[in-house]
Number of protein chains: 2
Amino acid sequence: MTTASGWGQPRTSLFTDHYELTMLQAALHSGAAHRRSVFEAFARRLPDGRRYGVVGGTGRLLEGLERFRFGAQELDFLARNAVVNDETLAWLADFKFSGNVYGYAEGELYFPNSPILSIESTFAEACILETYVLSVLNHDSAIASAASRMITAAGSRPCIEMGSRRTHEESAVAASRAAVIAGFHSTSNLECGLRYGVLTQGTAAHSFTLLHNTEEDAFRAQVASMGSGTTLLVDTYDVEAAVRKAVEIAGPSLGGVRLDSGDLLAQAHEVRALLDSLGNVNTRITVTSDLDEFAIAALAAAPVDSYGVGTSLVTGSGAPTASMVYKLVSREGDDGEFVSVAKSAKNKASVGGKKQALRRLNARGIATAELVGIGTMPESDGNDRPLIQEFMAGGVLAPGWTGREGVERATERHAASMAEMPGAARRLQRGEPVIPTEYFQAAAAPN
Amino acid sequence: MTTASGWGQPRTSLFTDHYELTMLQAALHSGAAHRRSVFEAFARRLPDGRRYGVVGGTGRLLEGLERFRFGAQELDFLARNAVVNDETLAWLADFKFSGNVYGYAEGELYFPNSPILSIESTFAEACILETYVLSVLNHDSAIASAASRMITAAGSRPCIEMGSRRTHEESAVAASRAAVIAGFHSTSNLECGLRYGVLTQGTAAHSFTLLHNTEEDAFRAQVASMGSGTTLLVDTYDVEAAVRKAVEIAGPSLGGVRLDSGDLLAQAHEVRALLDSLGNVNTRITVTSDLDEFAIAALAAAPVDSYGVGTSLVTGSGAPTASMVYKLVSREGDDGEFVSVAKSAKNKASVGGKKQALRRLNARGIATAELVGIGTMPESDGNDRPLIQEFMAGGVLAPGWTGREGVERATERHAASMAEMPGAARRLQRGEPVIPTEYFQAAAAPN
């Protein structure tokens, strides 16, 4: 099992809820499995108080779709545990996704009910992808959305993703990737560097200082091996003494010092003054220690050069999942025509019908609304930007959405979409979505 | 790359922060890399208001340690990006963990500063494992800790893990495994079934109903294919009409109905009464829809037979990471003797020295304190239970901690440890850790 990048990764086909396959079995039995169907992934609402969401995971999802196959090991498991019957096993053995995938580009902003990803195929094919599609989008979008706010709070100062240890080891790679898409400068996660060509960086930990007989020994060891451009961790014992020692050892070209505890605001001022008084005006100050977008904003006036962000980033800063759902919105009827469908019980009701979407921009190019067309493209006034991109047609992946190129394009897309937003999008205070979602339905729209 | 179970999974060696390897390089340069060292993973505090934590991930961590090797692909990446120098690359190429790993059994409860996992080796070997060790323990323990409270709230009713779609696809497998350890009856996650032999289960989604021309067609299709023991989803349109139709189609042996929206408390009573009036006294009611431990507790008096739990479980019910840290606590000095070490700056200070731990039990076998011995075993009064288990000695894995057997043993361990706890551990209200952590140090303790 080797992907294009040569990296061995497991198949994705059993990242799937049991019921997806039993529904497949029952639908194969009834014959309805072969009806052409459209499923859409969207979020009914944003996390409480957020102004916008950021689409994350699309590229990773498309990479994983290539590995969504049922081999001997998966089929044997399903047979041994009688999850599905022989007819279904035979269908799964032949399965390779052959449908269409389209939706919002990765890095794009989204709002309540934005049709983020659509899968168009038979019910059978689209149904069994549900769990995997949602896992990827819900996780990566949650991280990208939190990361984007941190980037806004940090202004022109670089943010470094350092949260790997606070989340599942594979989530860490995906979180690192999502953070970079939202504007993070680099990551500490080496696996993300390997898979996506993202820049990796690091400083040193307290253990390195404690390993040596003295802090001085540790600093000398680090500078001797890494060069004076390295960043020394100065808060193991006494910060002032450590900064003086660091400058004495590394000289005026000392790259940086890191503060990882205590009152970062006060310390940053003290350390900056001390470094300057010692002549180290170019030595940078990196702060870490449970930073989130609010803590970053609170340090805006402090002489800080970069932020290392960990726990809050990888846990979505209070919103660890994006709450996206994946709903059947249209399917073939007995006559071969498409029929819009939706759950209609009073709770969790959805809007049926295949969606299109535009972002309405005013004359100055600033977004004013998210236009969602039901079964038709919304009427455009000329300043609107189409949002739906084609990722896969007839099971064939379109170029540019995956791997390293996918990350680079998503990063650009995110920056461009943010630039279109009204100023309120960049406020950290809780509020409503910064632009409204408006539905558009043609008078005699087909389904 | 094939594990014992035959399942291809990636190497774990680059689930690692950049600085672990640059510290290794600097320590190889200074010579200190070869000092014998003890690192400990522990949580300084529990998530706000929680009474206890549950150790999760130990088995998974030990499985991954076997794959913590640097092959051509990893070494090439590190060389190409100049992450470390040639001396370090040569060391990594030969690396296979050769030290000792010991700590709390998976499923065991923990409290602030419980020494959950210790790694004893050279600094070089123990340092580079930091990120991976913490990723696994922080994620899986967060889920196990949340799951345990849900199990308490559910009493004798089974809980089914259904959260895969709300978290990263690999986190979902780990979350499912952790939930089962904490007492969940089964999971919807097929990959967890494959890897760990855990029971998988499922019902049906709204899309299955919407796919068919009528709800009746959908129910008939499901019952025809899955048998009358299946569970039908009855809230797509009108719950009462759906329940009547379900009973009409499946008869008295209908296995169950699922409610996924609306006022679950009121609906459970209505549906139970309706089922009973139709003679379906053995048809079970499963409820789902954003349940957490509080919602489960609120349904205690409702006629509900099982709970399907998703989002709240896989996001740790408000605490998505366990905040564990991994600290160097003791290392060899120039004279070959071990020296206790700890960060001493005013914030994030740690207690140095290699730890031992006992759970103090009173005469009735109920836990009264967590005793942590610094550099020595705490004095026991005879009713204490030793907590430290050996997982790996000289790089060799002890039997019984990994794979399916590891999950089974951890499940038993968790139930037994919960049974020892005072009643306050089972309260959902916010409070202090249910037993205090007490340090013990011998008068003339060695380090």
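Thresholds applied
- Residues numbered from 1 in each chain as written.
- Chains lettered and ligands numbered in written order.
- Predicted model: local features only at pLDDT ≥ 70, side-chain atom pairs only at ≥ 80, totals over all residues.
- Heavy atoms only, no water.
- Contact = heavy atoms within 4.5 Å.
- Buried area = accessible area lost by both parts, 1.4 Å probe.
- Salt bridge = Lys/Arg side-chain N within 4 Å of Asp/Glu carboxyl O.
- Polar contact = N/O pair within 3.5 Å; in protein donor to acceptor, adjacent residues only side chain to side chain.
- Helix = DSSP H or I, 4+ residues; strand = E, 2+ residues; numbered from the N terminus.
- Nonpolar A, V, L, I, M, F, W, Y, C, P; charged D, E, K, R; others polar.
- UniProt positions renumbered as here; feature names shortened; annotations may be inferred.
- Phe/Tyr/Trp six-rings, centres within 6.5 Å; stacked < 30°, edge-to-face > 60°.
- Buried < 20%, exposed > 50% of the residue type's maximum accessible area, 1.4 Å probe, protein only.
- Lys NZ or Arg CZ within 6 Å of the ring centre and 35° of its normal.
- Pairing = 2+ DSSP bridges.
- Axes fitted to C-alpha atoms, helices over the stretch in contact; angles between N-to-C directions.
- Parallel < 35°, antiparallel > 145°, perpendicular 65-115°, else oblique.
- Left-handed = near helix turned anticlockwise from the far one by under 90°.
- Least-squares fit on C-alpha atoms with pLDDT ≥ 70 in both.
- Domains from an automatic or database assignment.
- Arc of directions from axis to C-beta.

**Student:** I keep staring at the interface of chain B and chain A and nothing clicks. Help me out?
**Tutor:** Often, the extent of an interface is quoted as the loss of accessible area on bringing the components together. Contact residues are listed per partner, giving 103 residues for chain B and 103 residues for chain A. Between chain B and chain A, a total of about 8,600 Å² is buried, with carbon and sulfur atoms accounting for 59% of that surface. Area buried by chain B at its contact with chain A is led by B:Arg165, B:Leu190 and B:Leu211, which between them contribute 10% of it. Applying the counting criterion to the chain B and chain A interface returns eight salt bridges. One salt bridge in this structure joins A:Arg60 and B:Glu169, with 2.8 Å as the shortest N-O distance. On inspection of chain B and its partner chain A, the count reaches 55 residue pairs in polar contact (both at pLDDT 80 or more). The greatest single-element share of the side of chain B that touches chain A, amounting to 11 residues, is contributed by helix 1 (residues 18-30) of chain B. The residue makeup of the side of chain B that touches chain A, split by class, is 40 nonpolar, 42 polar and 21 charged.

**Student:** Teacher, can you tell me more about the UniProt feature "domain: Nicotinate phosphoribosyltransferase N-terminal" (unreviewed entry) in chain A here?
**Tutor:** UniProt marks residues 14-138 of chain A with the feature "domain: Nicotinate phosphoribosyltransferase N-terminal" (unreviewed entry), using the numbering shown here. The annotated region residues 14-138 of chain A carries 42% helix and 18% strand content, and the separation between its end C-alpha atoms amounts to 18 Å.

**Student:** Which parts of the structure should I look at to understand the packing of aromatic side chains?
**Tutor:** For any pair of aromatic rings, the description consists of the separation of the ring centres together with the inter-plane angle of the planes. Residues and elements named next belong to chain A. Per the counting criterion, the structure on display carries 18 aromatic pairs over all chains. Here Phe39 and Tyr326 contribute two aromatic rings whose centre-to-centre distance is 4.8 Å and whose plane-to-plane angle is 15 degrees, an arrangement assigned as stacked. Of this pair, Phe39 sits in strand 1 (residues 36-43) while Tyr326 sits in strand 12 (residues 324-332), placing them 287 residues apart in sequence. An identical accessibility class is assigned to Phe39 and Tyr326; each is buried. Both rings, one in Phe391 and one in Trp401, keep their centres 4.8 Å apart while their planes meet at 90 degrees; by these two values the pair is edge-to-face. In this pair, Phe391 is assigned in strand 17 (residues 388-393) and Trp401 in the loop between strand 18 (396-397) and helix 15 (403-419), connecting sequence segments 10 residues apart. Accessibility assignment for this pair places Phe391 and Trp401 in one class, buried. A network of ring pairs unites the aromatic residues Phe15, Phe68, Phe70, Trp91, Phe95 and Tyr132 as a single cluster. Positioned over the ring face of Tyr196 is Arg177, at 5.0 Å from the centre of the ring.

**Student:** When you look at unusual backbone geometry in this model, what are you seeing that I'm missing?
**Tutor:** Peptide bonds are trans in most cases, and residues, glycine excluded, mostly fall at negative phi. All names here are of chain A. Its identity is not glycine, yet Asp290 carries a phi of approximately 50 degrees, on the positive side. Note on placement: Asp290 falls in the loop between strand 10 (284-287) and helix 13 (293-298). The phi angle at Ser317 is positive, at roughly 45 degrees, despite the residue not being glycine. Turning to its location among the elements, Ser317 is positioned in the loop between helix 14 (311-314) and strand 12.

**Student:** Any chance you could explain the pairing of strand 3 (residues 100-104) of chain A here in plain terms?
**Tutor:** Within a regular beta strand, the side chains point alternately toward one face of the sheet and then the other, so they alternate between its two faces. Residues and elements named next belong to chain A. Of all five residues in strand 3, four are buried; the element is thus mostly enclosed. Sheet topology note: the strand 3/strand 5 (residues 117-122) ladder contains four bridges and is antiparallel. Counterpart to Tyr102 in the pairing with strand 5 is Ser118. Examined bridge by bridge, strand 3 and strand 17 share four bridges and lie antiparallel to one another. Within the sheet, the bridge partner assigned to Gly103 lies in strand 17 and is Gln389.

**Student:** Would you take a moment to explain the packing of helix 10 (residues 215-226) of chain B against helix 11 (residues 239-250) of chain B for this structure?
**Tutor:** Two packed helices can be described by the angle between their axes and the distance between those axes. Residue and element names in this part refer to chain B. For the pair helix 10 and helix 11, the least separation of the axes is 10 Å and the interaxial angle reads 40 degrees. As the angle between them shows, helix 10 and helix 11 are arranged oblique. The two elements helix 10 and helix 11 meet at a crossing, and its hand is right-handed. In this structure, helix 10 uses Glu215, Glu216, Phe219, Arg220 and Val223 to contact helix 11, whose residues at the interface are Ala242, Lys245, Ala246, Glu248, Ile249 and Ala250. Each residue belonging to the contact of helix 10 with helix 11 can be placed in one class, and the counts come to six nonpolar, no polar and five charged.

**Student:** Where do I start with the relation of the copies chain B and chain A in this structure?
**Tutor:** Two copies of one chain are present, and they are related through a rotation about an axis combined with an axial shift. Least-squares fitting of chain B to chain A yields an RMSD of 0.0 Å, with the transformation described by 0.0 Å of translation along the axis and a rotation of 180 degrees. Taken together, the rotation and translation describe the operation of a two-fold axis. Within chain B, the C-alpha atom positioned nearest to the axis of rotation is that of B:Gln9, 2.8 Å from it.

**Student:** Is there a simple way to explain the sheet that holds strand 11 (residues 306-309) of chain A in this structure?
**Tutor:** Paired through backbone hydrogen bonds, the strands of a sheet run either parallel or antiparallel to each other. Residue and element names in this part refer to chain A. Taken together, six strands build an open sheet; the order of strands is 7-6-11-10-9-8 and the sheet is parallel. Each end of this open sheet is capped by a strand with a single partner; those strands are strand 7 (186-187) and strand 8 (231-233). Inspection of the sheet shows strand 9 (residues 256-259) paired to strand 10 by four bridges, in the parallel sense. Paired with Val257 across the strands is Ile285, a residue of strand 10.

**Student:** Please clarify how the side chain of B:His18 should be interpreted in this entry.
**Tutor:** With respect to the helices and strands, the residue B:His18 is situated in helix 1. Since its relative accessible area comes to 9%, B:His18 is described here as buried. Aside from chain neighbours lying at most four places away, what touches B:His18 is A:Ser188, A:Leu190, A:Thr200, A:Gln201, A:Gly202 and B:Val83.

**Student:** It is not clear to me how the sheet that holds strand 16 (residues 385-386) of chain A should be interpreted in this structure. Could you clarify?
**Tutor:** All names here are of chain A. One open sheet accounts for four strands, arranged 16-14-15-19; its pairing is mixed. Both edges of this open sheet fall to strand 16 and strand 19 (437-440), since each of them pairs with a single strand only. Across two bridges, the pairing between strand 14 (residues 355-361) and strand 16 is antiparallel. Its bridge partner being in strand 16, Leu358 is matched across the sheet by Pro386.

**Student:** Which parts of the structure should I look at to understand the domain arrangement of chain A?
**Tutor:** All names here are of chain A. Split by domain assignment, chain A resolves into domain 1 (18-128 + 323-401 + 420-440) and domain 2 (144-318). Summarising the inter-unit geometry, the C-alpha centres of domain 1 and domain 2 are found 38 Å apart. Residue-level contacts link 15 residues of domain 1 with 16 residues of domain 2. Here domain 1 is connected to domain 2 by one salt bridge. Ionic pairing is found between Arg177 and Glu106, a salt bridge with its closest N-O pair at 2.7 Å. Here domain 1 and domain 2 share seven residue pairs in polar contact (both at pLDDT 80 or more) between them. Elements with a minimum of two residues in the side of domain 1 that touches domain 2: strand 2 (53-54) and helix 2 (58-65).

**Student:** Help me understand helix 3 (residues 72-80) of chain A, please; the structure alone is not making it clear to me.
**Tutor:** Residues spaced three or four apart along an α-helix face the same direction, because each turn holds 3.6 residues. Turning to helix 3 of chain A, its buried residues number three or more, namely A:Glu74, A:Leu75, A:Phe77 and A:Leu78. Down the axis of helix 3 of chain A, the smallest arc covering the buried residues is 160 degrees, so these residues share one side. For helix 3 of chain A, the exposed residues set more than 90 degrees away from the buried face come down to A:Ala72 and A:Arg80. The inward-facing, buried residues of helix 3 of chain A abut helix 1 (18-30) and helix 4 (86-94) of chain A together with helix 8 (190-196) of chain B. Positioned one or two residues after helix 3 of chain A, A:Ala82 has a phi angle of 50 degrees, which is positive.

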